[in-house]
Every structure is written in structure tokens, then in C-alpha cells.
Amino acid sequence: MFETLSDRFDGIFTRLRGKGRLSESDVDDVLKEIRLALLEADVNFEVVRSLQGRIRERAVGVELSGALNPSQQIIKIVNEELTFSLGGDTMKVVPAQKGPTVILMAGLQGSGKTTNSAKLALWFKKQGRNPIMIGCDLQRPAAVEQLRTLGGQIDVPVFSEATDPVSAAAAGMAEAKNLGRDVIICDTAGRLAIDAELMEEVRQISEAISPTYTFLVVDAMTGQDAVTVAENFHDTLALDGVILTKLDGDARGGAALSVKEVVGKPIAFASTGEKLEDFDQFHPERLAGRILGMGDMLTLIEKAEEVFEAEEAEAAAAKLLDGQFTLDDFLDQMQQIKKMGPIGNLIGMMPGVPKEIKDVEIGDKEVGRIEGIIHSMTVEERAKPEIIDGSRRNRIAAGSGVSATEVSQLIDQFKQMRKMMKQMGGFGTKKKRGGARGKKGKKGKKGRSSGGRVTAKGGAKIPKEAMALPDLEELEGMPGFKGLPDLPNLNDK
Amino acid sequence: MVWVIIVAVAAVVLIGAGLFFFRGGGGGATPPLQGTPRPQAGTSVLDVPKPGQESGATDVLDAPVEAPVEAPPSKPTFRDRLAKARGAFTGYLTAIVGRGVDAQTWDQLEEALIRADVGVQTTQSVLESVKEKATENKVTEGAEVIELLRSELKARLSGFDRSLALADTSPSIWLFVGVNGVGKTTTIGKLAKRESVGGKSVVLAAGDTFRAAAAEQLEMWAERAGTEIVRGAEGADPSSVVFDAVESAASKGADLVLADTAGRLHTKTNLMDELTKVRRVAEKGEGKVSEVLLVLDATTGQNGLTQAAQFTEAVEVTGVVLSKLDGSAKGGIVIAIHQELGIPVKLVGLGEGADDLVDFDPDEFVDALLAT
């Protein structure tokens, strides 16, 4: 339903190709598209306006360097401005100097306060702290019950009493002291930002517990109203940060940008799934890409960094692009990649992957079947899948407990992939020779997330580099994973 | 599926390797992008407030904030609940009325509509037709343009059947779906009260077996509304809970089963499949699903359209319940949902009280949106 910003740019930039410099009217055209993209991502109108101004200032007169095409340059500027606006650094949540760390959770109805109270408690627990949760939502039926259940799941005590929210909060503080808990998380009822009476109530709760941190819980799907909500809560409570929830959907999360701009407080945590572990500190630079519709590439790179050995990965990629990749290599790599998390999640992080593919549920079971099939092959078969004939196929099928069709499907598709990668490698090398396009430097910038660096030199050292990078060049300009061959055959799951 | 895995593995290998190519060889100082006014990347940039950002932020802070007005304790009507949250829109309209029609008029209308979450595309298409009519009728007054906008919006919301359908044979099943936290359970609670006061015998099905204490929450509503409730254990199969509720309703000759489901993001294929199954299994017995109501939070932005499309694909949504419209959010996304998906809003949630659920009235919705 949404086009990525880079898709939008394509039309404009075909026209600009060959120009050495962007004129004001070129920039205006581009800015229109940027505006549209930001508004569709639910970034607040005012915020879009001020961003537009900043982007314009930087974009007019930009020299078109040889390294980046105009689209990539502009997107880079946009990305930098967004990252900057989102706050750049990850917020540090440090325990209170003296006494327990007290946290107040506030927000609209249904934003996820109760669930995220528990998620936060678990997060603290993993840091070696002893949290307690206070249930001050006496309004929604069974809210305290929900908190107690969640507390039970993570083995964190929950205090509440059926008095009124302010007294319950105060009593909870006393109880926490008695129990010697060092983190106190106070869940409150959802309230509308324009409900004066309930806003006063939450102010009194805040007074009663003097929180170390006050977090506003914001649904990533929120539209233009996020600004009003954040303003009102900030006026009442002096927020310290935001917890962004439901980021596991496909909402662009522009609201986060609006809230950050208005309140000037960082997004501290993001909730990315239904499980209580699906919660972590928020990395602002990643959301910028998401708002622009490019997926969560940085997370992917980071995860890859954790599990891959540099030389190994290089060697594997070289083989892949040379067409030398064997089923053994494939098996090895797949096992590495499994450490990065479920493969389905990884695919979700890749920009530009069609939704139909992201939707395909890829279970570990499926991966296990592939492993089984490959394990049932001889060493020779793994190196040269061509030699697998009918009888070998039947043996492999019997060995791995799948049908012969599945075996041939795997082999066919593996060969197809290998061929494709080889073509890609060849293409990349050619491209490289033609252009010396300094992909290395560009990608580096991406990986590091700092902005502003582009190099037009520094390409030519490692021939391999060129092979690996056709898609990474795209990645740099974030237009998504066009290097990734279009993935057909969706139906033969 | 195999194919996807193979390609994914290959892609990740390239990404992983690509990263190391960089690590191995890059790193040296590279010249900044020409024409970049910000010379250094890194923390310094992040710490220094940019000129312009301050003013940008202040602008936003200065934007009209709705003054909270005490609502009368009487039963809410659509309009006066909405009216207290109209401020932002009013600001624009007063700037348009009493002036001639120029480019600024259209800009202001566009801004007002986008800020009401109508969405860029819908806003543009609405304003296109208003512009055409304005030219046709040689309109010169801002106030007239607003009237044209009013009738355009009303026209776009008209012609939908907003009644809640009953099956030919009892029990009818109304299934409630939506993403997490939109107010499904609360909506069912309120509707249970309304329908049982209206003379129907209602059974609630606590089909949200996932969220902690969701069934307890619904049970409290059942008590308030004086209806029966069928619930299963936490983690039970929601299909079987709904099925049991329908069976129970059928055996007692009840008219209506209101079936709750767990909130789920429309991007989770397995959970959407589960929902499809709930709908299918619900009709295995004597009941018929006559309404599938998507509960949509009024604060939802452009993602609302995607939600509606995905849920429709899974369970054929027949109507939308726009919840939490008593806040400052305008719920403008429903215009796109009417237009692009042909799904009407049937009910509106205006608060947490048992009576705070009213029928959607498109004219009042538009009037309230454009109230001056």
C-alpha cells in the first residue's frame, strides 16, 4: 500500500540523471515526494514542515558526486535529518542514585501500558534488579488481574489495592520498601490527554511516587494526534522518555518522530512482539530507515556481525558469487544464520522484500527439513548436486524422511540460486570495472550509521568487494533490496 | 518456502560478508558529502541543537491545544462528545471562512484534513472534486468552499448500510476483530448491555484466550450487562471457545453471540489464519456469523487502512467500530476505509462507560469534523 521513498524518487530522478547539480525546482519536486512519504508514515504535519525546510537547505545545490546517484544523495540527507530528529543516541536508563528506581507508565487506553510494565520489569530483572509492579489501573475491568498474571509469568511481585489510584500508588511504594525492591514500576489506567480530571489524577500519582523516570507509552500506529497526546502528557507529567509499542506491525512509526520533536525526549524502549522478551532499548537511527520504508537493515547487519567470522563470511560470499557454493557451504551458513534468530524474522528486516514473502511463515521445522535432506547426502553429492540421479534422490528422500519431489525441489532451487548469484557476481564485477564506485566507503557509512560520509575513491583494492556489493550499493541508497533477485515460486512452499 | 530460505541464506551471507569487506578495508577518513552544511557526523551533531529545530518544536507546541470542556453527565450524543475535541480543525476553518478563495485556502484545507488523519491521497482526491465544483459554481467565498467540502465528504460517506445484521435463524454471531489495544473487549461489553437492554438475549464468547485476564475483563462486562458468558482456559483454542458459546446460545435459544478475539497485528500470518479458523468454526454449529466488526482506534493513522484491508482478507469484515473518538483524534482514516474498501463504520465508541457506544452517523461525523 505504501511505496517506499526510493520508489517515489525513481521517476523524478530518471529525469535528473546526467545533471551535475540539483536546481531549486528539482529539489522542490523531490521535497514534494518526501513530504508525501513522511505524511503517509504519520509524521505530524508541523514536523514534516520543519523537516522539509531543513532538507531543502541541505539539498539545494548539492553536487552530484560520482559515487552516489541523486536519489541516493537526497535519501541520505533525508535519512540523516530523520535520524538527527529522532535523537541519535540510544537513551541510557540508569538506576536512581539513591533509593529505588521508580518508573511511572502513562498513556492512552490500549497503548500497551500494562503489558509493557511487565516487559520493562523483565528487562530490569535481566539487569540483576529486583522489580515490583504496582497496579494503579483500577478503572479498566481486570487490569490488575492482567498485571498479576504477567507478574506471575516473570516472577515479579505485584501490589495493588482496591482504594483509589493515588492511595494504591502510595501504598505500593511502602510495600516496595518493605520488600526491599529496588525497581518500582507503576502501571496506570489509560486516559485521554484531554480528560482534565484523569490527567490531574495521574499528576497526583506522580506526586505520590516521585518517579525517576516517567514514560509515555505510545502505539506505533498512532496518527497525527500523537502530538496532542504527547504535549498534554508532557505538560502534566514532565516525561523522561517514550516507550514505542506494537512496532512489530507494518506501521511506519512516524508518530515517534512527532513525539520526539514535540517533547524533546528520546524514545527509550521499543516493544516488538507479543512475548514479554520482545522488548529492548530503542535505536533511533533504525526508525529513520523504517519511516522511509527501507526495513530494519541495521539490525540485520548488527546481527550478522555477531555471528559471522569475517574471513569465513568473505570466503562464503566469494564462493557464492563465483558459482562455487556447495550444499555443504549452504548448510554451514544456514547454521550460522540460525543463530541470528528465526529466518522468517530476518527476512522481515530486509528492505524491499515483497510483503507476500515476508508473510510466508518460515518455521524452524522447515529449516530442519532442509538440513535433514542435506545431511542425507554424501560428501560428493553435496559438492556436486548435479550427480544426484533418480536412485540417489530416492535414497536421500528415504534417509531424511521426505518425498523425492522435495529433494529435487531443494536441489533445483539451490542450483537456480547459485546460477543467479553467479550472474550477480559477474554483473557486479563488470559494473565495478566500469565505474570504480567506491562501494566500500558507502556501505561503511551505513554500517556505522553516522552520516555524511561518502567516498568516491577507495574502491579498487579487493576484487571480491565488487562482487558482494551490487545489492549493498542499493542498500546504501536504501532503496531496498533490488539486488535481491525477485523471488518467484512463492506457491511451492 | 524452501526457495525463500535458500535465497534468504544467500542474501544474509552477502550482507554479512559485505560488512566485513568494509571493516577490513574502509574506515579511513572520507570526505563529507559536498554541500553538506553539517561538517561532522557523530555525537557533536546530536548534541548541538540545530537552528530551526527549536523553532520547529515551538511551532508544534504552540499549535492549538483543545481546551478540555466538562462534558455533561447525560447520555452522550455523537456530536457533543466530538465537539470538545475539535479545536485543531476549528483553527483552520475560521482562517478560511470570511476570506476569498486562493491558494492558501486550499493549503489550509489540505493541512486540516491531513491533520485529521484523512491521509494524503484521500485528501487530495477530496480537494480535487471540491476544486472542480468550486470552479463550476464560480465560488469566491471561503465559507462556500467549506460547504462544498462538507457535501463532498458527506457524499463520500453516504449510501452504506450501517445496520447490524442478524442471521435468519438464531443465534446470530457478531465477531469482533482488530489489532491489540483498540478496545474490542470494551466494545463488546458496551454492546452486550445495549443489545440486552434492547430485548435480545446475548451470550458473550471470551475468545481472547491469549492476553492475560482478558476473559476476566469480559466477565465483568457480562455481569454489568447481565448476560451469559462462555470462557475457556487461558491459552485454549479460541475457535473452540467461540464454538462452545454458539452451542450454548443455541441450546438456550439465545439471539446473539458476541465473540471476542485476541488482539493481533494484521502482519502476523499465523494469527490471521487462526482468526479465519475462528470464523469458520463458529459456523460449524447452528449459528451464522452475520457481522464481523473491525474495532479501530480513532488515534490510528494511515496504518488503519492496511489493517482494514488485511482483516477483510482474513475474515470479510462487514463493518468498523471506531473506538475512542472522544479523545482529540479525529479518525479521518475511516473516510479512506469507506472509499477504498467499501467498509462502513457502524458504531462509535465515546468513552469507557456502558452507554458510551452509539451508532455512527456520517453527517454528524462530517459536521463535527468541520465544526467552527
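Residues numbered from 1 in each chain as written. Chains lettered and ligands numbered in written order. Predicted model: local features only at pLDDT ≥ 70, side-chain atom pairs only at ≥ 80, totals over all residues.

Right, let's talk about the overall build of chain B for a bit. Counting its regular elements, chain B contains 15 helices and 8 strands. For chain B, with 372 residues in total, the buried portion stands at 52%. (Helix = DSSP H or I, 4+ residues; strand = E, 2+ residues; numbered from the N terminus. Buried ≥ 20, exposed ≤ 12 C-beta atoms within 10 Å, placed from the backbone.)

What follows deals with the overall build of chain A. Along its length, chain A carries 23 helices and 8 strands. Each of the 493 residues in chain A was classed as buried or not, and the buried ones make up 57%. Here the analysis covers contacts within chain A between residues at least 6 apart in sequence; of these, 75% occur between residues at least 24 apart. (Contact = placed C-beta atoms within 7 Å.)

Across soluble globular proteins, nonpolar side chains show a tendency to be buried alongside one another. By size, the foremost hydrophobic cluster in this structure holds 189 residues, and its most contacted members are Cys186 and Ala256 of chain A together with Leu204, Ala205, Leu258 and Ala259 of chain B. If we skip the residues at most four places from it in the chain, leucine 258 of chain B touches Trp174, Phe176, Ile188, Leu191, Ala192, Val202, Leu204 and Ala205 of chain B. (Core = buried A, V, L, I, M, F, W, Y, C linked by C-beta atoms within 7 Å.)

Moving on, we come to the sheet that holds strand E6 (residues 241-245) of chain A. All names here are of chain A. What the 8 strands build is an open sheet, ordered E3-E2-E4-E1-E5-E6-E7-E8; its pairing is mixed. Sheet topology places strand E3 (158-159) and strand E8 (279-281) at the edges, where each strand pairs with a single neighbour. As paired strands, strand E5 (residues 213-219) and E6 are joined by 5 bridges and run parallel to one another. The partner of aspartate 219 across the bridge, within E6, is threonine 245. Sheet strands in contact with helix H9 (residues 226-237) are strand E1 (101-107) and E5, and its direction is about 165° off that of E5. (Pairing = 2+ DSSP bridges. Axes fitted to C-alpha atoms, helices over the stretch in contact; angles between N-to-C directions.)

The next thing to look at is the sheet that holds strand E2 (residues 202-206) of chain B. By definition, the strands of a sheet pair up through backbone hydrogen bonds, in either a parallel or an antiparallel sense. Residue and element names in this part refer to chain B. Strand order in this open sheet of 8 strands is E3-E2-E4-E1-E5-E6-E7-E8, and the pairing throughout is mixed. Among the strands making up the open sheet, the edge pair consists of strand E3 (228-231) and strand E8 (357-359). If you compare each strand with its neighbour and ignore which way they point, the axes differ by 25° on average. Two elements, E2 and strand E4 (residues 256-259), share 4 bridges in a ladder whose sense is parallel.

Residue proline 171 of chain B is bonded to the preceding serine 170 of chain B through a cis peptide linkage, with omega at -5°. On the secondary structure map, proline 171 of chain B appears in the loop between helix H8 (142-157) and strand E1 (172-177). One non-glycine residue, alanine 142 of chain A, lies in positive phi territory at about 70°. Along the chain, alanine 142 of chain A falls in the loop between strand E2 (131-136) and helix H6 (143-154). Here alanine 142 of chain A falls in the buried class, since 22 other C-beta atoms lie within 10 Å of it. Phi is positive for aspartate 117 of chain B, close to 65°, though the residue is something other than glycine. The class for aspartate 117 of chain B is buried, based on 27 C-beta atoms found within 10 Å.

This part is about the confidence of the model for chain A. For chain A, mean pLDDT is 79; residues scoring 70 or higher make up 74% of the total. Across residues 428-493 of chain A the pLDDT falls below 50, and counting only partners more than four positions away or on other chains, this stretch makes 164 contacts in the model. (pLDDT = per-residue confidence, 0-100.)

Residues and elements named next belong to chain B. Judged from the 4 bridges that link them, E2 and E3 form a sheet pairing that is parallel. Within E3, the position partnered with alanine 205 by the bridge is valine 230. Following the backbone out of E2, through helix H10 (residues 214-225) and into the adjacent parallel E3, one traces a crossover that is right-handed. (Right-handed = clockwise from strand over helix to strand, strands pointing away.)

Moving on, we get to helix H13 (residues 303-315) of chain B. All names here are of chain B. The end-to-end C-alpha separation of H13 is 18 Å, in line with the 18 Å expected for 13 residues at 1.5 Å each. Summarising burial for H13: 10 of the 13 residues are buried, a large majority. Among all positions in H13, only Asn303, Gly304, Leu305, Thr306, Gln307, Ala308, Gln310, Phe311, Ala314 and Val315 are buried. In the core, the buried residues of H13 are packed alongside E1, helix H12 (269-282), strand E5 (288-297), strand E6 (319-323) and helix H14 (333-341). Glutamate 316 occupies a position one or two residues after H13 and carries a positive phi of about 50°. (Expected span 1.5 Å × (residues − 1).)

Once that is clear, we can look at the confidence of the model for chain B. Residue and element names in this part refer to chain B. Averaged over chain B, the pLDDT score is 82; the fraction of residues at 70 or greater is 79%. Per-element confidence in chain B ranges from a low mean pLDDT of 32 for helix H2 (residues 43-47) to a high of 98 for E1. Overall, residues 19-74 carries pLDDT values under 50, and its contacts beyond four positions in sequence, including any with other chains, amount to 103 contacts. Interface scoring of the predicted complex returns ipTM 0.78; its pTM is 0.73.

This paragraph deals with the packing of helix H8 (residues 196-209) of chain A against H9 of chain A. Residues and elements named next belong to chain A. Put simply, H8 and H9 touch, their axes get as near as 9 Å, and they point 45° apart. The orientation of H8 with respect to H9, classified from their angle, is oblique. The two elements H8 and H9 cross, and the hand of that crossing is right-handed. Counting all contacts with H8, which are made through Met199, Val202, Arg203 and Ser206, the residues of H9 involved are Asn232, Thr236 and Leu237. When the residues that make up the contact of H8 with H9 are grouped by side-chain class, the tally is 3 nonpolar, 3 polar and 1 charged. (Parallel < 35°, antiparallel > 145°, perpendicular 65-115°, else oblique. Left-handed = near helix turned anticlockwise from the far one by under 90°. Nonpolar A, V, L, I, M, F, W, Y, C, P; charged D, E, K, R; others polar.)

A few words on the environment of aspartate 182 of chain A. Residues and elements named next belong to chain A. Within the element layout of this structure, aspartate 182 appears in the loop between helix H7 (165-179) and strand E4 (183-188). Exposure remark for aspartate 182: the 17 C-beta atoms within 10 Å place this residue in the partly exposed category. Aside from chain neighbours lying at most four places away, what touches aspartate 182 is Pro100, Thr101, Arg129 and Asn130.

The description of two packed helices rests on the angle between their axes and on the distance between the axes. Residues and elements named next belong to chain A. Following both chains from N to C, one finds H7 and H8 inclined at 15°, their axes separated by 9 Å at the closest point. By the angle between their directions, the pair H7 and H8 is classed as roughly parallel. As for the relative orientation of H7 and H8, their crossing is right-handed in sense. Contacts between H7 and H8 pair Pro165, Val166, Ala169, Ala170 and Met173 from the former with Glu201, Gln204, Ile205, Ala208 and Ile209 from the latter. In the contact of H7 with H8, the residues fall into 8 nonpolar, 1 polar and 1 charged.

Time to look at the pairing of E6 of chain A. All names here are of chain A. Most of E6 is tucked away, with 5 of its 5 residues classed as buried. Residues Gly241, Ile243 and Thr245 line one face of E6 and the alternating positions Val242 and Leu244 line the opposite face, and both faces are buried. One crossover worth recording links E5 to the parallel E6 by way of H9, and it is right-handed. Two elements, E6 and strand E7 (residues 267-271), share 3 bridges in a ladder whose sense is parallel. The partner of leucine 244 across the bridge, within E7, is alanine 270. The handedness of the E6 to E7 crossover, carried by helix H10 (residues 254-263), is right-handed.

What follows is about the domain arrangement of chain B. When its domains are assigned, chain B resolves into domain 1 (78-157) and domain 2 (172-317). Inter-centroid distance (C-alpha atoms) of domain 1 of chain B to domain 2 of chain B is 37 Å. (Domains from an automatic or database assignment.)

Here the focus is helix H9 (residues 184-197) of chain B. All names here are of chain B. Between its first and last C-alpha atoms H9 spans 20 Å; for 14 residues at 1.5 Å apiece the expected length is 20 Å, and the two agree. The buried count for H9 comes to 10 of 14 residues, which makes it a mostly enclosed element. For H9, every residue scored as buried is listed here: Lys184, Thr185, Thr186, Thr187, Ile188, Gly189, Lys190, Leu191, Ala192 and Lys193. Glycine 199 sits one or two residues past H9 and shows a positive phi near 100°.

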